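Breakdown of the fold
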Amino acid sequence: MNNKLLTTTLFVSIAACSLTANANDTKTVNPEADRQAMIKHMMDMHGGNKINGKPIALDDFGMGALIFSDDAYQQWKSVEEFPPYVEHIDEGEKLWNKPFANGKTYSTCAGLDGDVKKIKAKYPYFDDARGEVIILDQAINECRVANGEKPYAYAGKDKALSNLLTYLANESRGNKIDVKISSPGALEAYKMGEMVFHTRRGQLNQSCAGCHVTSAGRKIRSEIISPMLGHVTHFPVYRASKGNIVTLQQRYQGCMRSVRAMPFPSNSKELKALEFYEAYMSNGLTLNGPTYRK
Amino acid sequence: MVKSQWVSKLAQALLVTTIMATASVATAAEEKKLSSVEEGKKLAFNKTKGNCIACHMIAGGKEPGEIGPPLMAMQARYPDRQKLFDKIWGKPGVELMPESQMLPFGKHKVLTDDEINKIVDFMYTL
């Protein structure tokens, strides 16, 4: 355990969450049952909501906090008519097609090959041979290294990587999330993600679940909190407040900082497990990124 | 006319004197209390301090959150001052629900005991 992790876990106590079984008990971990329970909880709590005059359906959770406010939704819709992330898609496309110094491109790497519209939907996945979760950010960097290029910095620190992710998200619109857990290793990764999601952390002693499950749809100061279902469908997002693209890892780290916790490092086992867990819970939802956020 | 002006001047003067006399009668402790309520209010609304308003509706606060219950009629609901202090401090056993998002402000050193006391003074005015 490194120092950073120690600091992160300093104030930790496990949130007693009624939605999930004890993460340490292998026998009772049943991701599919967890997912169904989460869907039921979210639909029971918010299924009565209407957006644009229509009752919300499961897939609408991919819109995040917008499902709780017609005003915010209408505002978002008008911004989306001339989306501020278009230049980032274009920039990402150029980078995607630009050959490396060796003349090859990303599409020669396993996982990034084939139909560009299907790439993002393959991630995150658990690689049994390597025994780890692979996220798209990492696959792009590994392809670069394999072709003699320098890897990009993660979590929004390098705009080139954020732009590539924005381009691939846009290409993948309409695909369904389909994360599989079919090995003991994958189940371990799921359990780690679940633990990260439900553990209280930081000086302010908050868990992701407290805000994005229990308090989803409620205001914290003037902001309505999004439900965890659908978090992964629409990333990366263009945030007006930052004037830039924000990746999912960057957002996770931002929420950790907001509770005065030391965030897990970029591309760490913990952050990847968190994405794996959140993505699994959103199985069946439609990819609809990139999108615009305040 | 001149006379009635004078009368009203006298009345004003008397009024001012009465107020000043009342004020000077107030004990030093009460004066301290007044400013401590003000300080408690500031602490409760400050984003980097109590930030109670992020989660609770509190009279006089802008943009209240909806995570916790409205904080009102506090003296009636918490006649035992220590109970309210403990709730904010985060003493074990005072949580209403196990998964509560209410912060243990004292336990996690977000606020000092002195600051929590000022917030309790402010709470008692609600």
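What counts as what
Residues numbered from 1 in each chain as written. Chains lettered and ligands numbered in written order. Predicted model: local features only at pLDDT ≥ 70, side-chain atom pairs only at ≥ 80, totals over all residues. Heavy atoms only, no water. Disulfide = S-S within 2.5 Å. Helix = DSSP H or I, 4+ residues; strand = E, 2+ residues; numbered from the N terminus. Buried < 20%, exposed > 50% of the residue type's maximum accessible area, 1.4 Å probe, protein only. Axes fitted to C-alpha atoms, helices over the stretch in contact; angles between N-to-C directions. Parallel < 35°, antiparallel > 145°, perpendicular 65-115°, else oblique. Contact = heavy atoms within 4.5 Å. Nonpolar A, V, L, I, M, F, W, Y, C, P; charged D, E, K, R; others polar. Buried area = accessible area lost by both parts, 1.4 Å probe. Salt bridge = Lys/Arg side-chain N within 4 Å of Asp/Glu carboxyl O. Polar contact = N/O pair within 3.5 Å; in protein donor to acceptor, adjacent residues only side chain to side chain. Pairing = 2+ DSSP bridges. Phe/Tyr/Trp six-rings, centres within 6.5 Å; stacked < 30°, edge-to-face > 60°.

Comments concerning the state of the cysteines
Working definition of a disulfide: a covalent bond connecting the sulfur atoms of two cysteines. Residues and elements named next belong to chain A. According to the stated counting rule, one finds one disulfide over all chains in the structure shown. At a sulfur-sulfur separation of 2.1 Å, the disulfide partner of Cys 109 is Cys 143. Between Cys 109 and Cys 143, the S-S torsion sits near 80°, and that sign places the bridge as right-handed. Residue Cys 109 is found in the loop between α4 (86–97) and β3 (125–127), and its partner Cys 143 is found in helix α5 (residues 136–146); the two are separated by 34 residues along the sequence. Like Cys 109, the residue Cys 143 is buried in the burial classification. Here Cys 208 is not disulfide-linked; the sulfur of Cys 255 is the nearest cysteine sulfur, at 7.5 Å.

Thoughts on the packing of α4(A) against helix α6 (residues 159–171) of chain A
Residues and elements named next belong to chain A. The interhelical angle for the contact between α4 and α6, taken along N-to-C directions, is 100°, at an axis separation of 7 Å. Taken together, the axis directions place α4 and α6 in an arrangement best described as roughly perpendicular. Where α4 abuts α6, its residues His 88, Ile 89, Glu 91, Gly 92, Glu 93, Leu 95 and Trp 96 lie against Ala 160, Asn 163, Leu 164, Thr 166, Tyr 167, Leu 168 and Asn 170. Along the lines of polarity and charge, the residues of the contact of α4 with α6 split into seven nonpolar, five polar and two charged.

Section: the interface of chain B and chain A
A common measure of how large an interface is: the accessible area buried when the components associate. Every contact between the two is made by 22 residues of chain B and, on the other side, 19 residues of chain A. In total, about 1800 Å² of surface goes out of reach between chain B and chain A, with carbon and sulfur atoms giving 46% of it. Three residues, B:Glu66, B:Gln101 and B:His108, lead the burial of chain B against chain A; their summed loss comes to 35% of the area buried on that side. For the pair chain B and chain A, the interface holds zero salt bridges. Between the two partners, chain B and chain A, sit ten residue pairs in polar contact (both at pLDDT 80 or more).

Digging into the sheet that holds strand β9 (residues 291–293) of chain A
Residue and element names in this part refer to chain A. Strand order in the open sheet formed by three strands is β8-β7-β9, and the pairing between neighbours is mixed. Looking along the sheet, the strands with just one partner apiece sit at the ends: β8 (244–246) and β9. This sheet shows a mean twist of 40° between the axes of neighbouring strands, independent of strand direction. Bridge count between strand β7 (residues 237–239) and β9: three bridges; the pairing is parallel. Residue pairing for β9: Val 237 is matched across the bridge by Thr 291.

Here we look at the packing of aromatic side chains
Residue and element names in this part refer to chain A. What the rule picks out here adds up to nine aromatic pairs over all chains. Each ring, one from Phe 100 and one from Tyr 106, has its centre 4.9 Å from the other, and the planes form 80°; the classification is edge-to-face. On the accessibility criterion, Phe 100 (7% relative accessible area) is buried. Given a relative accessible area of 1%, Tyr 106 falls into the buried group. Each ring, one from Tyr 190 and one from Tyr 280, has its centre 5.6 Å from the other, and the planes form 80°; the classification is edge-to-face. With Tyr 190 in helix α7 (residues 184–198) and Tyr 280 in helix α10 (residues 269–281), the pair connects residues that are 90 residues apart, well separated along the chain. With respect to class, Tyr 190 is no different from Tyr 280; both count as buried.

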